[in-house]
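# Chains, contacts and geometry: an overview
What follows is each chain in one-letter form.
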There are 2 protein chains.
Amino acid sequence: MNEAFFIASSFLCSMVDLFIYNSLTRTKEKFTPLHKQFVGMYVCGPTVYNFAHLGNCRTFVTFDTVYRYLTFLGYKVRYVRNITDVGHITTEFDEGVDRIGAQAKLEQVEPMEIVQKYTTYFHDMMREFNNHPPSIEPSATGHIMEQIAMIEEIIKNGYAYEVNGSVYFDVKKYKDVFPYGELSGRNVDELLENTRELDGQEEKRFFADFALWKAASPEHIMRWPSPWGEGFPGWHLECSAMSTKYLGEEFDLHGGGMDLKFPHHESEVAQNSACCGKAPVRYWMHANMLTVNGQKMSKSLGNSFLPHELFSGTHALLEKGFTPMVVRFFMQQAHYRSTLDFSNEALKASEKGFERLMQAVEKAGSLTASDSSSYDIAALEKNCFEAMSDDFNTPILIAHLFEAVKVINSCLDNKIQLTLTDIERLQKLVNGFVFEVLGLQAEVSGASNDISNDLMQVIIRLRAEAKTKKDFATSDLIRDELKAINIQLQDSKEGTTWTHEK
Amino acid sequence: MNEAFFIASSFLCSMVDLFIYNSLTRTKEKFTPLHKQFVGMYVCGPTVYNFAHLGNCRTFVTFDTVYRYLTFLGYKVRYVRNITDVGHITTEFDEGVDRIGAQAKLEQVEPMEIVQKYTTYFHDMMREFNNHPPSIEPSATGHIMEQIAMIEEIIKNGYAYEVNGSVYFDVKKYKDVFPYGELSGRNVDELLENTRELDGQEEKRFFADFALWKAASPEHIMRWPSPWGEGFPGWHLECSAMSTKYLGEEFDLHGGGMDLKFPHHESEVAQNSACCGKAPVRYWMHANMLTVNGQKMSKSLGNSFLPHELFSGTHALLEKGFTPMVVRFFMQQAHYRSTLDFSNEALKASEKGFERLMQAVEKAGSLTASDSSSYDIAALEKNCFEAMSDDFNTPILIAHLFEAVKVINSCLDNKIQLTLTDIERLQKLVNGFVFEVLGLQAEVSGASNDISNDLMQVIIRLRAEAKTKKDFATSDLIRDELKAINIQLQDSKEGTTWTHEK
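Since this is a predicted model, take the numbers as computed values, not measurements. (Residues numbered from 1 in each chain as written. Chains lettered and ligands numbered in written order. Predicted model: local features only at pLDDT ≥ 70, side-chain atom pairs only at ≥ 80, totals over all residues.)

### Here's the deal with the overall build of chain A
Helix and strand counts for chain A come out as 17 helices and 15 strands. The C-alpha atoms of chain A give a radius of gyration of 26 Å, which matches the 23 Å a tight globule of 502 residues would have. Split into buried and exposed, the 502 residues of chain A put 48% on the buried side. Put simply, of all contacts in chain A between residues at least 6 apart along the chain, 73% involve residues at least 24 apart. (Helix = DSSP H or I, 4+ residues; strand = E, 2+ residues; numbered from the N terminus. Rg over C-alpha atoms; globule rule 2.2 N^0.38 Å. Buried ≥ 20, exposed ≤ 12 C-beta atoms within 10 Å, placed from the backbone. Contact = placed C-beta atoms within 7 Å.)

So this is what it looks like as structure tokens:
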């Protein structure tokens with residue numbers, strides 16, 4: 001660790017050892033991308049047949065944070081997150097309900113209208129949470145050809161068979177050659193005992209076989225022609241086809257919610273291996289679930305609230321609303337591999353913590369420099385990097401950032417002395433980790449597109465900086481320029497405030 | 001016209017005669033949808049290889065207003081607007097440049113990353129303008145199969161031929177049977193004189209033939225397998241394939257910018273007719289272009305500014321920024337079939353008008369009722385409906401809304417008396433037409449006197465100052481602080497500009 005870190009972050013990735021808990025090996029491994037400084041990352045996106053729920057949001061905040069940290073370290077990341085817009089199965093081993101088709105019937109519209117409605121909601125929520133858009137956001141319906149081509153290849157390689165216009169993956173044959181169950185740790189023979197008879201089961205050679213292509217019944221709306229007749233692709237296939245298309249046959253990182261490990265991710269591995277002869281993913285990451293007051297969130301328990309209900313506080317379980325940034329911060333206060341429990345008390349505590357953090361970040365702009373430092377900022381910086389490099393440990397990072405809050409407040413109270421270099425280093429540290437890595441934003445009052453307050457904070461910080469350096473020409477210039485546009489500054493013990501007369 | 005109008009707007013569509021200027025017949029025609037109370041509407045969306053420009057935005061505000069008025073009248077509208085994410089031609093008769101591929105090379109990313117970046121920008125701008133999302137937003141790459149199927153049908157019907165892996169539409173053969181040129185009013189024989197020799201021309205049987213499928217050269221990235229080898233669809237085909245898929249072989253309304261009339265829309269008609277034996281669209285609507293200070297907007301003239309530059313006022317031609325709602329209102333003050341000229345004076349006039357309108361709408365909530373009315377609110381209501389029903393005449397509607405402003409102010413000054421019933425009717429009238437039909441929104445506080453650009457100018461000056469003094473710590477700090485609030489600076493010979501991504 002040295003000062004060059006923040007100066008040339010594009011080289012950080014070759015200097016910082018990043019460790020990731022790999023679900024495949026169940027150990028923390030040092031992260032080494034396939035191609036130096038480039039990372040290919042795939043995350044399973046939402047099925048857009050209903051409002052994105054909070055569990056989804058947690059997963060996407062998690063991988064947004066991963067994406068941000070990798071980018072912060074200087075990696076050029078191609079982040080692919082799909083939209084599942086073909087309605088799919090709910091059960092482990094077979095197609096039950098076409099969810100998008102079912103919702104379309106309920107709302108009396110075309111399936112693609114359902115897709116549009118809930119994709120828009122999903123994107124709105126991602127924006128609220130300040131998640132970066134992925135680099136590519138491919139959709140299942142947009143990649144039917146690629147999926148058909150992959151099925152043809154799997155059939156050619158002997159790992160799939162056609163029955164009555166449907167194509168199934170041949171798990172028995174596959175597991176003789178490849179380590180089926182390696183990712184999820186499931187043993188096929190044990191699974192057999194828990195299986196019920198379902199639609200399509202009679203077509204399969206083995207209960208664990210899964211559909212690559214399903215023949216469409218006459219009333220099924222979403223259907224495409226294929227070498228096996230009209231139908232639609234199986235649920236697992238799209239991710240294999242799209243990750244291969246945009247990231248290659250082998251890529252670095254694959255993420256998703258823990259509930260997708262089996263059967264979805266296990267099937268993805270099987271499909272890719274059967275098609276291309278090798279496992280596709282080097283590091284698998286799984287985000288844990290969330291609970292409400294200690295219980296699983298579910299509609300039947302009545303404790304399932306949607307993101308916008310959480311923001312507005314309009315669900316019976318919520319005492320008040322919490323802003324998207326408070327919820328984001330709250331999510332990051334737990335490690336992504338731990339469950340996260342929503343409760344009014346925990347959210348209110350996060351709200352207070354978030355405010356304390358943001359206030360300190362703002363005040364970091366007006367620290368006064370001393371001749372020497374009585375605090376080791378470099379060590380603090382090192383701690384922040386080490387936390388994030390230890391499997392993206394955001395709660396530990398946040399603990400260190402609260403240490404930075406203490407340092408800022410102590411420096412303002414003259415209990416700690418910092419040199420100008422250390423002040424600048426501290427500022428870059430908090431700005432970098434709070435805004436860029438954690439992706440938090442100062443809450444804007446009311447106007448979502450009014451950035452005046454943010455800009456004024458930048459100006460106030462520059463003026464404080466100039467004063468610290470005794471550069472009065474600059475601080476006077478700032479005062480005059482602001483006066484010219486009718487802005488007055490007021491300095492007080494609490495800091496500098498501003499007023500604008502029209 | 002009667003009071004039931006606002007009470008049960010779902011029946012309005014059967015009571016109000018709507019007239020639409022049909023580009024196909026060049027006359028205003030009474031609008032009668034194919035299926036009572038249902039409207040199928042297709043609008044050509046953006047090609048996402050660059051920032052959506054203001055001309056695009058005008059087109060989409062126009063058709064958003066059409067969509068809103070149809071919905072207001074009680075029609076159930078399926079509004080399909082596509083995303084063109086296959087890079088396409090620029091010239092009239094042939095494929096010149098793969099724009100998305102070219103931009104991908106420039107930005108050193110995958111074509112689909114270009115698509116994602118500019119689709120996100122486009123959606124952001126649509127949201128700023130308060131345009132409703134369409135019911136379905138299909139993409140060209142997502143409908144390659146449908147396009148291939150359509151080409152096969154056109155070949156089968158004898159209106160297309162294959163040469164070296166490309167397929168061309170046979171205009172000569174088509175025009176013997178169908179009225180080619182009917183929509184655009186172009187005469188093929190006259191066109192011949194202005195045609196240059198271009199890539200692919202030698203493969204065509206007739207100069208006006210156009211590509212349905214192009215064989216991909218080895219370096220072409222976006223490519224799909226087809227019965228004619230690897231390639232990509234022609235520009236015009238996607239809209240034919242997607243409108244047919246989501247709206248049927250014949251549907252009510254098709255909109256787009258006037259520049260798309262030829263060759264794009266003419267080719268769409270030809271493709272659909274050749275495939276399905278009949279013209280697809282019953283009412284064609286074309287939105288006119290916009291100019292800047294009386295000149296065509298173009299990059300080479302230096303008068304081309306982007307939507308976000310207009311909002312922030314960061315283009316040299318702009319004296320200040322204008323909020324999205326002021327720009328929307330400004331656009332609606334011209335009829336969609338007229339050209340619209342951007343100038344600081346015109347925009348400032350709209351800004352004042354918009355404020356006056358919104359203030360009155362707010363005050364309409366606090367009128368005092370009298371025993372009798374001295375003003376005919378029913379007549380005003382009738383005028384508003386008649387304006388919009390006369391080919392969506394928004395400038396006339398706005399004139400009537402300013403009459404409503406006068407009524408509201410006169411009622412507050414006790415110069416006009418209104419009964420409670422009339423007050424409620426007036427309130428419903430202004431709320432309905434201002435918010436629902438025109439899609440205007442009250443500006444969030446501060447935004448209308450947005451000082452962010454002034455503040456940015458102060459910051460840009462401080463940064464230039466710091467650079468001059470070789471105080472790179474400060475100039476870096478400014479860059480980082482701005483980055484943290486999603487502001488990017490761009491330095492060029494003309495000076496520094498800024499963009500704010502939310």
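### Some thoughts on the nonpolar core
Membership of the largest hydrophobic core comes to 251 residues, with the highest contact counts inside it found for L212 of chain A together with L212 of chain B. Counting residues in hydrophobic clusters, the runner-up holds 23 residues, among them M456, L462, A466 and I487 of chain B. (Core = buried A, V, L, I, M, F, W, Y, C linked by C-beta atoms within 7 Å.)

### Describing the interface of chain B and chain A
Interfaces are often sized by the amount of accessible area the parts lose when they come together. In this assembly, 45 residues from chain B lie in contact with 44 residues from chain A. Those elements that provide at least two residues to the side of chain B that touches chain A are α4 (111-128), α5 (144-156), α16 (452-468) and α17 (472-484) of chain B. In terms of residue count, α16 of chain B provides more of the side of chain B that touches chain A than any other element does, nine residues in total. Residue composition of the side of chain B that touches chain A, by class: 23 nonpolar, twelve polar and ten charged. (Nonpolar A, V, L, I, M, F, W, Y, C, P; charged D, E, K, R; others polar.)

### Overview of the sheet that holds strand β8 (residues 231-233) of chain B
Residue and element names in this part refer to chain B. Taken together, four strands build an open sheet; the order of strands is β5-β6-β7-β8 and the sheet is antiparallel. In the strand order of this sheet, the two ends are held by β5 (160-163) and β8, each with one partner. When the angles between neighbouring strand axes are averaged without regard to direction, this sheet yields 20°. Pairing of strand β6 (residues 166-169) with strand β7 (residues 210-215), which is carried by three bridges, proceeds in the antiparallel orientation. Bridge assignment links F169 to a residue of β7, and that residue is F210. (Pairing = 2+ DSSP bridges. Axes fitted to C-alpha atoms, helices over the stretch in contact; angles between N-to-C directions.)

### A short note on the pairing of strand β2 (residues 27-30) of chain A
All names here are of chain A. Pairing of strand β1 (residues 19-22) with β2, which is carried by four bridges, proceeds in the antiparallel orientation. When the bridges of β2 are listed, N22 appears paired with T27. In this structure, the hairpin formed by β1 and β2 is closed by a connection of four residues, where R26 is found at a positive phi of approximately 60°.

### Things to note about the confidence of the model for chain A
Residues and elements named next belong to chain A. With 91% of its residues at a pLDDT of 70 or more, chain A shows a mean pLDDT of 89. Across residues 1-8, confidence stays below pLDDT 50; counting only partners more than four residues off in sequence or on other chains, it has seven contacts. Below a pLDDT of 50 lies the segment residues 89-95, which in the model reaches 22 contacts outside its immediate sequence neighbourhood of four places, other chains included. Taken over the whole predicted complex, pTM reads 0.84, whereas the ipTM for its chain interfaces reads 0.81. (pLDDT = per-residue confidence, 0-100.)

### Regarding the environment of S240 of chain B
Residues and elements named next belong to chain B. For S240, the position within the fold is in helix α8 (residues 237-247). Since 26 C-beta atoms lie within 10 Å of it, S240 is described here as buried. Separated by 245 residues in sequence, S240 and I485 have C-alpha atoms that sit 43 Å apart. Beyond its immediate stretch of four places on either side in the chain, S240 contacts M150, E268, Q271 and N272.

### Remarks on α17 of chain B
Residue and element names in this part refer to chain B. Between the first and last C-alpha of α17 there are 18 Å, a value that for 13 residues agrees with the 18 Å anticipated at 1.5 Å per step. Within the sequence span of α17, burial applies to T474, L477, I478, E481, L482 and A484. Viewed end-on, α17 has its buried residues packed into an arc of 155°, placing them on one side of the element. Positioned one or two residues after α17, N486 has a phi angle of 65°, which is positive. (Expected span 1.5 Å × (residues − 1). Arc of directions from axis to C-beta.)

### Points about helix α11 (residues 324-332) of chain B
Burial of α11 of chain B is extensive: nine of the nine residues sit out of reach of the surface. Its buried side turned inward, α11 of chain B meets α2 (54-72), α4, α10 (307-312), β13 (340-342), α12 (344-363) and α14 (394-412) of chain B.

### Observations regarding the packing of helix α17 (residues 472-484) of chain A against α16 of chain B
It is at 11 Å that the axes of α17 of chain A and α16 of chain B come closest, and there the two elements cross at 155°. The angle between the axes of α17 of chain A and α16 of chain B places the two elements in the roughly antiparallel class. Where α17 of chain A crosses over α16 of chain B, the handedness of that crossing is right-handed. Together, T474, I478, E481 and L482 of chain A of α17 of chain A and V458, R461, L462 and E465 of chain B of α16 of chain B make up the contact between the two elements. A class-by-class count of the residues in the contact of α17 of chain A with α16 of chain B yields four nonpolar, one polar and three charged. (Parallel < 35°, antiparallel > 145°, perpendicular 65-115°, else oblique. Left-handed = near helix turned anticlockwise from the far one by under 90°.)

### Focus on the domain arrangement of chain A
Residue and element names in this part refer to chain A. The domains assigned to chain A are domain 1 (4-287), domain 2 (291-437) and domain 3 (452-500). Here domain 1 and domain 2 have C-alpha centroids that lie 32 Å from each other. Here the side of domain 1 that touches domain 2 gets eleven residues from one element, more than from any other, and that element is helix α2 (residues 54-72). The residue inventory of the side of domain 1 that touches domain 2, partitioned by class, reads 17 nonpolar, five polar and five charged. (Domains from an automatic or database assignment.)

### Things to note about the packing of helix α13 (residues 377-389) of chain A against helix α15 (residues 420-437) of chain A
Residue and element names in this part refer to chain A. One can describe the packing of α13 onto α15 by two numbers: an axis separation of 9 Å at closest approach and a directional angle of 20°. Taken together, α13 and α15 sit at an angle that is classed as roughly parallel. As α13 packs across α15, the resulting crossing turns out to be left-handed. Contact residues: α13 offers I377, L380, E381, C384 and M388, while α15 offers D422, R425, L426, L429, F433 and V437. The residue makeup of the contact of α13 with α15, split by class, is eight nonpolar, no polar and three charged.

### Details of the sheet that holds strand β3 (residues 38-43) of chain B
Residue and element names in this part refer to chain B. The parallel open sheet is built from four strands, whose spatial order is β4-β3-β9-β10. The strands lining the two open edges of the sheet, one partner per strand, are β4 (76-81) and β10 (281-287). This sheet shows a mean twist of 20° between the axes of neighbouring strands, independent of strand direction. Pairing of β3 with β4 involves six bridges; the strand directions are parallel.

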